[in-house]
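Each chain is listed here by its residues.
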Amino acid sequence: MLLAEIIGVGTELIYGETFDSNTAEIARSLRGYGLEITRTLRFADELPALSGQLKESLSRCRLIVLSGGLGPTPDDITREAIAEALCEPMEPDPSMVQAIQARFASMGRQMHESNLKQAMKIPSASWLENPRGTAPGWWVHKENLDIVALPGPPAEWRPMWEELLPKLLLPAKNYRQKSFKTYGLGESQIVQVLGGFFRRQGPAEVGTYAKSHGVDVVIRGEPQAVSQLADSIRPLIAANIWGEDADTPQGLLVARLAKAGQTLATAESLSGGMLGSLLTQVPGASQVYLGGMVCYTREAKAFLGVPQGVLEKGTVSPECAQAMAEAAARGLGATYALATTGVAGPEELEGQPVGTVYIGFAGPSLGGAKRFRFPASTRELVRERASYAALTLLLAGLVP
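Residues numbered from 1 in each chain as written. Predicted model: local features only at pLDDT ≥ 70, side-chain atom pairs only at ≥ 80, totals over all residues. Heavy atoms only, no water.

Q: Would you mind going over the side chain of Thr-182 with me for this structure?
A: When you line up the elements, Thr-182 lands in strand S10 (residues 176-182). Within the local environment of Thr-182, its side chain forms a polar contact with the backbone oxygen of Val-215, the two atoms lying 2.7 Å apart. Beyond its immediate stretch of four places on either side in the chain, Thr-182 contacts Ile-190, His-213, Gly-214, Val-215, Val-217, Ile-237, Asn-240, Ile-241 and Trp-242. (Helix = DSSP H or I, 4+ residues; strand = E, 2+ residues; numbered from the N terminus. Polar contact = N/O pair within 3.5 Å; in protein donor to acceptor, adjacent residues only side chain to side chain. Contact = heavy atoms within 4.5 Å.)

Shown next, in the form of structure tokens:
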């Protein structure tokens, strides 16, 4: 099996100042090819360490992809590491100098001397044009080896990589992946229901992955075997499947409401606007999402229209969640409304433990509130899971 390695470059990745999602995304894009990725790596901005790793990888890999370290500052050392590993000199490319100068001129800015570093290239490298930034990439092809150097920002490297990938002429693999996205079942419950499928040996495998939106059941392997497993698994968990493959709850919800000519409003306490943020990530959400209010305090909830009697009994309650949803629907004239209230932590509130969440919902075919108890690992996780719970709860109440 041919090997591939993906390397994220940047000291900020080591210390978590920037979350490294690039290496995983690049690895996912290679799943349909006959390559084995046994590891992805992260390296600090240290030339000897990175060049040493590249020399080791060169001896065994068909493909090496590096992400990051192509900026104009002294600690951007990806180009230098590749040049050192391949024992090739770097020289400035006059045409790239002009291209970078033109890029700065188009933005009304003057190019600094340090940006000339981004026009340096080794003889065996070809430029990868960066239409969204000043850092061009490299593509080095030598015999049966490809080295690709991409900038760090995803908005810059994605179009470069998508254009380059077919040109690498990588061997294809007979591969398919199918995902069922579920809610309301924990991983242990899914394993209990699907136990026999996890123990199968053959051309396809089954795995579960806990996400903020629920648990994904993923089947991967040869296409025919994946299809057969999917057909066997789907009916066993059908009641808890809210989507498949690349579906998102906010995307499905916006599509269903738009198709029915219906609208949505939100009222958020503990989620603090995250629910509205997820909805407005969807193109065309303005056809459906009328708006919402972050009512974090009792006074804000009263302003929204929650009755004083409900507030006096407590804001972390099903009555408050339902009243928030009803007030949001009434105030904005929406078909449906969702509301979140609860305890994100780190301390209890109104005698309720951290992780307690109530989702309120209002609409012509449903109304009320539902209680959830999420793991109280971090405030952010509780808020995320509350937001996704609201979306999937409304999805479950709508006719597909």
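Q: What should I look at first to understand the packing of helix H2 (residues 22-29) against helix H6 (residues 154-164) in this one?
A: The N-to-C vectors of H2 and H6 enclose an angle of 20°; their axes lie 12 Å apart at closest approach. Compared by their axis directions, H2 and H6 come out roughly parallel. The chirality of how H2 crosses H6 is right-handed. Along the contact surface, H2 presents Asn-22, Glu-25, Ile-26 and Ser-29, while H6 presents Pro-154, Trp-157, Arg-158 and Trp-161. The class makeup of the residues in the contact of H2 with H6 is four nonpolar, two polar and two charged. (Axes fitted to C-alpha atoms, helices over the stretch in contact; angles between N-to-C directions. Parallel < 35°, antiparallel > 145°, perpendicular 65-115°, else oblique. Left-handed = near helix turned anticlockwise from the far one by under 90°. Nonpolar A, V, L, I, M, F, W, Y, C, P; charged D, E, K, R; others polar.)

Q: Where do I start with helix H9 (residues 249-260) in this structure?
A: Spacing of three or four residues puts side chains on the same side of an α-helix, whose turn is 3.6 residues. The terminal C-alpha atoms of H9 lie 17 Å apart, and with twelve residues this matches the ideal 16 Å at 1.5 Å per residue to within 8%. Lining the buried residues of H9 we find strand S13 (241-244), strand S14 (264-268), helix H10 (274-279), strand S16 (336-342) and helix H14 (379-397). Positive backbone phi, approximately 70°, marks Gly-261, located one or two places after H9. (Expected span 1.5 Å × (residues − 1).)

Q: Just checking my understanding: could you explain the pattern of salt bridges for this structure?
A: For the coordinates displayed, the defined rule picks out 19 salt bridges. Of the charged contacts, one joins Glu-5 and Arg-39 as a salt bridge, the two residues approaching to 3.0 Å between their closest N and O atoms. Of the two residues, Glu-5 sits in strand S1 (residues 2-9) while Arg-39 sits in the loop between strand S2 (35-36) and strand S3 (40-43), which places them 34 residues apart along the sequence. Take Glu-5: its relative accessible area is 1%, and that puts it in the buried class. Here Arg-39 falls in the partly exposed class, since its relative accessible area comes to 28%. Between Asp-216 and Lys-211 there is a salt bridge, and its shortest N-O distance comes to 3.4 Å. (Salt bridge = Lys/Arg side-chain N within 4 Å of Asp/Glu carboxyl O. Buried < 20%, exposed > 50% of the residue type's maximum accessible area, 1.4 Å probe, protein only.)

Honestly, that's just the spatial picture; any functional story needs more than this.
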